Amino acid sequence: MIENNPYVSGHVLVGGWPASGKTTVAQALASGLRVPYLSKDEVKEALMDSLGAPGTVEQSRQLGVAAVHAVLGVARGCPAAVIDCTWYPYALPLVRALAGPFVEVRCKVDVEVARERYRRRVRDERHLDSLRTEGELWGSEVPALGVGPLVEVNTAQAVDTAALAAAIRIALGPDASRR
């Protein structure tokens, strides 16, 4: 049975608004699928440790783009991984350079819940979160990249990550679409 097979091949792209639960869901999925967890924010923080903190939001965005390039470069060496990022269209060619199949997981939550979580979360201040505008953060949802099945997860409540991992394992199985 697929559910008993510990090996998974493919990439799970976890996305959503800031404070939508991406990291929590992605870490749990990586553990449940027994694959590496790759985080754009962790790479960005390592870059800031080495290069210094950005002075402006624009510099922070540029560092974020560099982190996406780095994390997807690392992912090329992984037959499977769960990758936590906000997936903007510029990342599509980088994602397509990875071996598939893909499943996109979109963390969904009401904008008011996301705003409250964002205000309460403790995160490295070098991300310049306090300088971000409402429009940048929640002006519109970033659409899915369209590289594989899309699974939307309501993160306003506890997520059954075991069931989610099982569904993703099936989607990444031998019959999964390779795009």
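The structure this text deals with has already been given above.
So, a few notes on the structure that sits alongside this text.

Conventions and cut-offs
Residues numbered from 1 in each chain as written. Predicted model: local features only at pLDDT ≥ 70, side-chain atom pairs only at ≥ 80, totals over all residues. Heavy atoms only, no water. Phe/Tyr/Trp six-rings, centres within 6.5 Å; stacked < 30°, edge-to-face > 60°. Buried < 20%, exposed > 50% of the residue type's maximum accessible area, 1.4 Å probe, protein only. Helix = DSSP H or I, 4+ residues; strand = E, 2+ residues; numbered from the N terminus. Salt bridge = Lys/Arg side-chain N within 4 Å of Asp/Glu carboxyl O. Pairing = 2+ DSSP bridges. Axes fitted to C-alpha atoms, helices over the stretch in contact; angles between N-to-C directions. Contact = heavy atoms within 4.5 Å. Arc of directions from axis to C-beta. Polar contact = N/O pair within 3.5 Å; in protein donor to acceptor, adjacent residues only side chain to side chain.

1. Section: the packing of aromatic side chains
Part 1: Taken as a whole and assessed by the stated rule, the structure comprises 2 aromatic pairs.
Part 2: Taking 6.4 Å as the distance between ring centres and 15 degrees as the angle between the ring planes, the aromatic pair formed by Y88 and Y90 counts as stacked.
Part 3: Exposure remark for Y88: the relative accessible area of 36% places this residue in the partly exposed category.
Part 4: Geometrically, the ring pair formed by Y118 and W138 is edge-to-face, given 5.2 Å between the ring centres and 85 degrees between the ring planes. Linking Y118 in helix α5 (residues 111–120) with W138 in helix α6 (residues 134–138), this pair joins segments that are 20 residues apart in sequence. Summarising the burial analysis for this pair, Y118 and W138 share the class buried.

2. Section: the pattern of salt bridges
Pairs may arise between side chains of opposite charge once their charged atoms sit close together.
Part 1: For the structure on display, the rule yields 13 salt bridges.
Part 2: As a salt-bridge pair, E112 and R115 come within 2.5 Å of each other at their nearest N and O atoms. With E112 and R115 both in helix α5 and 3 residues apart, this pair spans about one turn of that helix.
Part 3: When its relative accessible area of 45% is taken as the criterion, E112 is described as partly exposed.

3. Thoughts on the sheet that holds strand β5 (residues 150–154)
Picture the strands of a sheet paired through backbone hydrogen bonds; they go either parallel or antiparallel.
Part 1: Read across the sheet, 5 strands follow the order β2-β3-β1-β4-β5 without closing on themselves; strand pairing throughout is parallel. Where the open sheet ends on each side, the last strands, each with one partner, are β2 (37–39) and β5. With direction set aside, neighbouring strand axes in the sheet form an average angle of 20 degrees.
Part 2: The pairing of strand β1 (residues 10–16) with strand β3 (residues 80–84) spans 5 bridges and is classified as parallel. Note that in β3 the partner of H11 across the bridge is A81.
Part 3: Here helix α2 (residues 40–51) sits on the sheet in contact with β2 and β3, set at roughly 55 degrees to β2.
Part 4: Contacting β1, β4 (102–108) and β5, helix α7 (residues 161–171) runs over the sheet at an angle of about 150 degrees to β4.

4. Structural notes on the pairing of β4
Part 1: Taking burial as the measure, the 7 residues of β4 include 6 buried ones, the bulk of the element.
Part 2: When β1 meets β4, the two strands line up parallel, connected through 6 bridges. Looking at the pairing, G15 lines up with R106 of β4.
Part 3: Note that β4 and β5 share 5 bridges and pair parallel. Residue pairing for β5: E104 is matched across the bridge by L150.

5. Here's the deal with α5
Part 1: Burial in α5 covers these residues: A114, R115 and Y118. An end-on view of α5 places all buried positions within 100 degrees of arc, on one side of the element.
Part 2: Turning to α5, the residues buried within the fold contact α6.
Part 3: Backbone nitrogen of E112 and a side-chain oxygen of the N-cap are separated by 3.0 Å at the start of α5; the cap is D110.

The analysis is restricted to geometry; functional conclusions fall outside its scope.
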